[in-house]
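Remarks on the overall topology
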Amino acid sequence: MIRNQWYAVLESKEVPRGKPIGVTRMGEKLVFWRDRQGKVNCLSDRCAHLSASLSQGKITPEDRLACPFHAFEYDSTGQCRYIPALGRSTEPPKAMRVQAYPTYEAHDFIWIWWGEPRPNLTPPRWFDIDETFSYGSYHEQWPVHYSRMIENQMDVMHLPHVHYNTIGRGRRVVVDGPIVTLEDDVIRMWVYNRPDDGTPPRKPEELPAPQRPPFLEFIFPNLWQNRISDDLRILVAFAPVDEENGMFYLRYYQRVVRLPIIKNLFNWAGVLGSRYIANQDKRVVSRQDPKKSSLRNGEKFVQGDRIILTYRRRREELIAENNRPSSLA
């Protein structure tokens, strides 16, 4: 994974009040819990004492996380503040601490800062989706590295083949372009697929300048948007689990229908359709080998892969810039 990035890793509803939640993200077992003000905290799910799982513990009235084994209590910074066996008058050793991760919560997502401690972290970026939209959602784990999941949503050549009876109808197998830009670690993509009329695909410079917002957008490291229209979007957060698994968080956003109950039914129908389409992808992507993408894994590219190549190049640049040799890449 790329270090020194904000990763959307959970939906807000997955972390209730009053109970710690253990999940695997970024190849590490983590524990999340909310304090009395509702703020989400995140620690490594491993007690510094004898490696018990902190997510099996409990939240104390002091907003600390107590280990289920010997009740060592940790604050939101990961520092142990109380060891019952030593008594309340004894301050725990400074070395008795676990790794803590900064968190940020917005748009019903929870982000963690995966990297070196930095003062005054800038909040993670977001798309132009505001409170005027409502949404339906679902999530599931895919047995593949999150980088493959991301590339699947950038792949403009697979549409008429994998989605032949849904969004790929019309046999638009020839890919003109595509046009792709990379600016401030945001990839924007314009898609020009058409039926095969015997003429070769046009290069990006042969296409007219786009007159509409990009059809697809990606914010590094793990947020993607399909801008179907100004009022209808599909958003996916690709949360890294480990080297062979990722979480697929999909949302169907819309502000076409706003009446209560009816909008919920509309959103539910949108999620059903989106899930069917995503499962068409999952069937193929889950069998890709190797499970993680790379510029140097022996795969060959053609013109229609411009978006995937842009992603891979920038991803590897960010890894080189931010990852220490011992870091997980």
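Here the structure is a predicted model, which means the values were calculated and not measured.

**A word on the overall build of the protein chain**
Of the regular secondary structure elements, the protein chain holds four helices and 17 strands. A principal-axis box enclosing the C-alpha atoms of the protein chain has dimensions of 80 × 50 × 35 Å. Across the 329 residues in the protein chain, those meeting the buried criterion constitute 52%. When contacts within the protein chain are restricted to residue pairs at least 6 apart in sequence, those whose partners lie at least 24 apart make up 59%. Counting every atom, the protein chain has about 16200 Å² of accessible surface; 52% of that belongs to carbon and sulfur.

**Some points on helix H3 (residues 262-285)**
Every α-helical turn comprises 3.6 residues, leaving residues that sit three or four positions apart pointing alike. When the terminal C-alpha atoms of H3 are compared, their 34 Å separation across 24 residues agrees well with the 34 Å that a helix rising 1.5 Å per residue should span. Listed as buried for H3 are Asn267, Gly270, Val271, Ser274, Ile277, Ala278, Gln280, Asp281 and Val285. In this structure, the buried side of H3 is in contact with strand S11 (134-142), helix H1 (146-154), helix H2 (159-162), strand S16 (232-242) and strand S17 (245-254).

**Regarding the packing of aromatic side chains**
For the structure on display, the rule yields 19 aromatic pairs. Each ring, one from Phe238 and one from Phe248, has its centre 5.9 Å from the other, and the planes form 70°; the classification is edge-to-face. In this pair, Phe238 sits in strand S16 while Phe248 sits in strand S17, placing the two residues 10 residues apart along the sequence. The exposure classification of Phe238 matches that of Phe248, with both residues buried. Three or more aromatic residues joined by ring pairs form one cluster here, namely Trp6, Tyr104, Phe109, Trp111, Trp113, Trp126, Phe127 and Tyr249. The ring of Tyr82 has Arg88 lying over it, and the distance from NZ or CZ to the ring centre is 3.9 Å. Against the face of Tyr135 rests Arg251, its NZ or CZ located 4.3 Å from the ring centre.

**Notes on the nonpolar core**
Judged by nonpolar contacts, the single largest core of 68 residues is most densely connected at Phe32, Ile112, Met154, Phe218 and Phe248. For this core, the leading source of residues is S16, giving eight residues. With 15 residues, the next largest nonpolar core counts Leu43, Cys67, Ile83 and Met96 among its residues.

**Section: the side chain of Glu140**
Inspection of the secondary structure puts Glu140 in strand S11. Side-chain polar atoms of Glu140 contact the side chain of Trp142, separated by 3.1 Å. Look past the residues within four positions of Glu140 in its chain and what remains in contact with it is Gly246, Met247, Phe248, Arg275, Asn279 and Lys282.

**Some points on the pairing of strand S2 (residues 21-25)**
Here S2 shows a buried face lined by Ile21, Val23 and Arg25 and an unburied face lined by Gly22 and Thr24. Two elements, S2 and strand S3 (residues 28-34), share five bridges in a ladder whose sense is antiparallel. Considered in S3, the bridge of Gly22 is made with Val31. The hairpin formed by S2 and S3 contains two residues between the paired strands, and Met26 there has a positive phi angle of roughly 60°.

**Examining the packing of H1 against helix H4 (residues 306-322)**
At a minimum axis distance of 9 Å, the contact between H1 and H4 shows a crossing angle of 145°. Two packed elements cross with a definite hand, and for H1 against H4 that hand is right-handed. Contacts from Tyr146, Ser147, Arg148, Ile150, Glu151 and Met154 in H1 reach Ile307, Ile308, Tyr311, Arg312 and Arg315 in H4. In the contact of H1 with H4, the residues fall into six nonpolar, one polar and four charged.

**Observations regarding the side chain of Thr103**
Following the sequence through the fold, Thr103 ends up in strand S9 (residues 103-106). Side-chain polar atoms of Thr103 contact the backbone oxygen of Val40, separated by 2.6 Å. Ignoring anything within four residues of it in the chain, the contact list for Thr103 reads Trp6, Lys39, Val40, Asn41, Cys42, Trp111 and Ile112.

Rules behind the numbers
- Residues numbered from 1 in each chain as written.
- Predicted model: local features only at pLDDT ≥ 70, side-chain atom pairs only at ≥ 80, totals over all residues.
- Heavy atoms only, no water.
- Helix = DSSP H or I, 4+ residues; strand = E, 2+ residues; numbered from the N terminus.
- Buried < 20%, exposed > 50% of the residue type's maximum accessible area, 1.4 Å probe, protein only.
- Contact = heavy atoms within 4.5 Å.
- Areas by Shrake-Rupley, 256 points an atom, 1.4 Å probe, with all protein chains shown as cover.
- Expected span 1.5 Å × (residues − 1).
- Phe/Tyr/Trp six-rings, centres within 6.5 Å; stacked < 30°, edge-to-face > 60°.
- Lys NZ or Arg CZ within 6 Å of the ring centre and 35° of its normal.
- Core = buried A, V, L, I, M, F, W, Y, C linked by side-chain atoms within 4.5 Å.
- Polar contact = N/O pair within 3.5 Å; in protein donor to acceptor, adjacent residues only side chain to side chain.
- Pairing = 2+ DSSP bridges.
- Axes fitted to C-alpha atoms, helices over the stretch in contact; angles between N-to-C directions.
- Left-handed = near helix turned anticlockwise from the far one by under 90°.
- Nonpolar A, V, L, I, M, F, W, Y, C, P; charged D, E, K, R; others polar.

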